[in-house]
Amino acid sequence: MTVTTSAPALEALKTLKRPDLFIGDGFVAGEWVSSSKTFPVYEPSTGQVLGPVADLTRADFVKAIESADKGYRKYSTTTTAHERSALLRKWYDLIIANKEDIGTILVLENGKTYAEAVGEVAYAASFVSWFAEEASRAYGDVIPSSMPNTTVLTLKQPVGVCGIITPWNFPAAMITRKIAPALAVGCSVVIKPPSETPYTAAALVKLAMEAGLPADVIHLVPTKDRDAATELCTSPIVKKISFTGSTNVGIHLSKLAMGTMKKISMELGGNAPFIVFDDADIDLAVQGAMVCKFRCSGQTCVCANRLFVHKKVAAEFTAKLVAEVEKLKVGYGLSKTTTQGPLVNKGGVEKVKAHIKDAVSKGAKLETGGSVPSDVNPNGFFIAPSILSGVTTEMVVARDETFGPLAPIFQFETEEEAVELANSTEFGLAGYFFSRDINRCLRVAASLECGLVGVNSGKISAAESPFGGVKQSGVGREGSMYGLAEYQIIKAVTIGNTNV
Ligand code: SIN
């Protein structure tokens with residue numbers, strides 16, 4: 001493969017304090033594995049190839065899974081929870097010590113701004129420190145028995161080898177949110193990183209090895225071959241699949257995983273409502289919309305996808321949001337002045353344009369954006385942050401997750417109508433609303449059909465808070481005090497004839 005890495009990317013790679021963190025190989029059975037067959041990773045800001053990455057095969061997955069099985073058996077039985085906690089703590093320290101380098105690699109392959117990328121590395125590390133602490137608190141129970149002379153205990157044990165399939169929008173955080181709890185309880189993992197952003201994953205694995213985690217407990221198998229990766233879902237050795245990505249793929253993987261009754265966690269698509277009531281603090285609502293709509297250029301599962309604004313405050317909210325959006329500076333993620341990076345690929349840009357075209361053709365008004373800014377690299381995957389007003393439920397944007405920087409504004413008149421509109425989707429990941437009325441806050445929070453609700457805030461993601469959806473947004477919870485259980489089984493132990 002001829003690689004013509006862009007000049008700014010080459011310059012950025014030269015600034016790495018640890019150039020050895022930029023790795024295009026997989027990590028299988030304790031060794032870094034290259035391949036004569038590679039796939040290109042593109043830099044979204046230039047459209048140029050950042051580098052070639054080893055395109056591993058089904059045989060590599062089989063080898064990784066077998067090694068992970070041996071690794072799990074030893075790791076789970078020879079380490080204490082406190083030792084695993086200490087290993088995770090060392091990994092956390094190394095991630096933080098290298099956060100600038102990982103951030104630079106992340107910008108190059110994902111496109112998000114440097115500030116966002118370094119913020120994501122800190123967010124990723126927060127899951128490692130959270131689960132380092134949770135590792136020591138994986139308590140079981142003692143249950144009063146209905147039988148005489150009997151004690152019932154529960155043991156919480158590691159589920160075993162875990163297949164981890166992660167997305168490109170959070171190349172660091174979605175790996176740590178899944179593997180830190182797995183490693184904390186004694187599981188081993190085989191990671192299939194996204195083919196758009198495999199370099200960040202490799203840097204994290206390298207640091208995990210430096211932290212002293214056993215070499216056969218973490219495996220990384222980059223591939224472009226989706227069929228090969230399904231080995232994770234069909235192998236009887238793998239006992240758990242954790243996936244973040246689209247609902248269609250999640251359903252497909254879940255069906256495969258059910259062939260051998262694996263435990264699953266599926267963090268899937270969203271179509272988040274964002275409601276502004278007429279009693280809301282409008283400036284706060286605008287601030288919240290900026291945070292949750294334009295993070296990662298609108299490419300998060302929890303991004304507001306449909307903004308429902310009360311008729312009385314719609315004009316004020318729209319004008320203020322337009323003013324804030326027009327302050328955003330679209331550009332190369334490593335430039336200090338950039339506040340919005342590109343989308344991850346051309347398809348992402350096309351989808352935003354198609355949603356705008358459909359809405360405008362049905363009567364919506366494009367308030368701002370809609371085009372490619374004139375001062376960006378024309379080969380990059382850029383689109384200006386955009387706002388539509390006068391949006392109705394007949395438009396595609398009402399049903400489909402845009403996954404881009406487009407804020408469509410609908411109007412409503414009553415609370416019942418807003419809640420009904422918000423819930424009229426098959427998805428149920430995040431929902432947001434703004435109101436000063438405490439009773440309404442409690443009522444609407446209870447009525448929204450989603451796993452995460454932001455009340456008077458656009459920021460809802462944190463290591464301590466359970467993350468996951470309802471309806472077709474998935475099953476399972478990541479992070480928080482519930483995250484460990486996704487990687488454990490509960491074993492009931494009944495001890496009879498105790499004579500106590
Ligand atoms: C996601 O978009 O999948 C994750 C977003 C988050 O953790 O906030």
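Above this text is the structure in question.
Now for a description of the structure that goes with this document. Because the structure is predicted, anything quoted here is derived from the model rather than measured.

Calculation criteria
Residues numbered from 1 in each chain as written. Predicted model: local features only at pLDDT ≥ 70, side-chain atom pairs only at ≥ 80, totals over all residues. Heavy atoms only, no water. Phe/Tyr/Trp six-rings, centres within 6.5 Å; stacked < 30°, edge-to-face > 60°. Buried < 20%, exposed > 50% of the residue type's maximum accessible area, 1.4 Å probe, protein only. Helix = DSSP H or I, 4+ residues; strand = E, 2+ residues; numbered from the N terminus. Pairing = 2+ DSSP bridges. Axes fitted to C-alpha atoms, helices over the stretch in contact; angles between N-to-C directions. Near = heavy atom within 4 Å. Polar contact = N/O pair within 3.5 Å; in protein donor to acceptor, adjacent residues only side chain to side chain. Areas by Shrake-Rupley, 256 points an atom, 1.4 Å probe, with all protein chains shown as cover. 1 Å grid on protein atoms, 1.4 Å probe; cavity = no way out; pocket = protein on both sides within 12 Å on 5 of 7 lines; lining within 4 Å. Points joined across faces, edges and corners; volume = space filled by probe spheres on them. Nonpolar A, V, L, I, M, F, W, Y, C, P; charged D, E, K, R; others polar. Core = buried A, V, L, I, M, F, W, Y, C linked by side-chain atoms within 4.5 Å. Contact = heavy atoms within 4.5 Å. Parallel < 35°, antiparallel > 145°, perpendicular 65-115°, else oblique.

1. Regarding the packing of aromatic side chains
Here is step 1: Within the structure shown, the criterion is met by 9 aromatic pairs.
Here is step 2: With a centroid separation of 4.8 Å and 55° between ring planes, the pair formed by phenylalanine 27 and tryptophan 32 is classed as tilted.
Here is step 3: Residue phenylalanine 27 is classed as buried on the basis of its relative accessible area, which comes to 3%.
Here is step 4: Consider the rings of phenylalanine 277 and phenylalanine 433, whose centres lie 6.2 Å apart with planes at 80°: the pair is edge-to-face. In this pair, phenylalanine 277 is assigned in the loop between β12 (272–276) and α11 (282–294) and phenylalanine 433 in strand β18 (residues 430–434), connecting sequence segments 156 residues apart. Of the two residues, phenylalanine 277 and phenylalanine 433, both sit in the buried class.
Here is step 5: Clustering of aromatic rings is evident, with ring pairs tying together Phe274, Tyr432 and Phe434.

2. Remarks on the sheet that holds strand β22 (residues 488–495)
Here is step 1: The 3 strands lie next to each other as β5-β6-β22, forming an open sheet whose pairing is antiparallel. The sheet is open, and its two edges are formed by β5 (141–144) and β22, each paired on a single side. The average angle at which neighbouring strand axes cross in this sheet is 25°, direction not considered.
Here is step 2: Direction of pairing for strand β6 (residues 151–158) relative to β22: antiparallel, over a ladder of 8 bridges. Its bridge partner being in β22, proline 158 is matched across the sheet by glutamine 488.

3. What about the site of the ligand?
Here is step 1: Taken together, the neighbourhood of the ligand is formed by 13 residues, with Tyr123, Arg177, Arg295, Cys301 and Ser461 sitting nearest.
Here is step 2: Here an oxygen atom of the ligand and a side-chain polar atom of asparagine 169 are 3.2 Å apart.
Here is step 3: In this structure, an oxygen atom belonging to the ligand sits 3.1 Å away from a side-chain N or O atom of glutamate 267.
Here is step 4: When the free accessible area of the ligand is taken as 260 Å², the share hidden by the protein chains comes to 100%.

4. Topic: empty space enclosed by the protein
Empty pockets left among the atoms are what a rolling probe the size of a water molecule brings to light.
Here is step 1: One pass over the full model with this rule turns up 3 cavities of 30 Å³ or more.
Here is step 2: Each pocket or cavity is described by its volume, and for the largest cavity that value is around 90 Å³.
Here is step 3: Its residues assigned to classes, the lining of the largest cavity shows 7 nonpolar, 4 polar and 3 charged.
Here is step 4: Looking at the lining of the second largest cavity, the elements that each hand over two or more residues are β12, α15 (415–423) and β17 (427–428).
Here is step 5: In the lining of the second largest cavity, the residues fall into 8 nonpolar, 4 polar and 2 charged.

5. A look at the nonpolar core
Here is step 1: If you look at the biggest cluster of nonpolar residues, it comprises 66 residues, and the most contacted ones within it are Trp91, Ile95, Ile179, Leu183, Ile191, Leu213 and Ile218.
Here is step 2: By residue number, the principal contributor to this core is helix α5 (residues 114–135), which donates 10 residues.
Here is step 3: Excluding its chain neighbours within four sequence positions, the residues that come into contact with isoleucine 191 are Ile164, Ile175, Ile179, Val205, Ile218, His219, Leu220 and Val221.
Here is step 4: Counting residues in each nonpolar core, the second largest holds 35 residues, with Phe274, Phe317, Tyr432 and Phe434 among its members.

6. As for the environment of proline 171
Here is step 1: Note on placement: proline 171 falls in the loop between β7 (161–165) and α6 (173–185).
Here is step 2: For proline 171, a relative accessible area of 0% translates into the label buried.
Here is step 3: Along the primary structure proline 171 and valine 217 are separated by 46 residues, whereas in three dimensions their C-alpha atoms are 20 Å apart.
Here is step 4: If sequence neighbours within four positions are ignored, proline 171 has contacts with Leu106, Glu109, Asn110, Glu120, Thr197, Thr200 and Leu204.

7. Observations regarding α15
Residues that lie three or four places apart on an α-helix share one face, since the helix turns once every 3.6 residues.
Here is step 1: The set of residues buried in α15 consists of Glu415, Ala418, Val419, Leu421, Ala422 and Asn423.
Here is step 2: The elements touched by buried residues of α15 are β12, β13 (304–310), β16 (406–412), α16 (438–447) and β20 (470–471).

8. Quick word on the packing of helix α3 (residues 81–97) against helix α4 (residues 99–110)
Here is step 1: Their axes nearest at 5 Å, the elements α3 and α4 cross at an angle of 70°. Considered as vectors, α3 and α4 are oriented roughly perpendicular to each other. Contacts between α3 and α4 pair Ile95, Ile96 and Ala97 from the former with Lys99, Glu100 and Ile102 from the latter.
Here is step 2: Residues belonging to the contact of α3 with α4 are distributed by class as follows: 4 nonpolar, no polar and 2 charged.

9. Focus on the sheet that holds β12
Here is step 1: Spatially, 7 strands are ordered β14-β15-β16-β13-β12-β18-β19 in an open sheet, and the strand pairing comes out mixed. Only two strands of the sheet have a single neighbouring strand rather than two, namely β14 (365–368) and β19 (452–455). Pairs of neighbouring strands in the sheet enclose a mean axial angle of 25°, with direction left out of account.
Here is step 2: One ladder, built from 3 bridges, connects strand β15 (residues 386–389) with β16; its direction is parallel. Counted as the bridge partner of serine 386 is leucine 406 from β16.
Here is step 3: Relative to β15, helix α13 (residues 346–361) is tilted by about 20°, and along the sheet it contacts β14, β15 and β16.
Here is step 4: Lying over the sheet, α16 contacts β18 and β19, oriented at roughly 165° with respect to β18.

Functional significance is not addressed by these values, which are geometric in nature.
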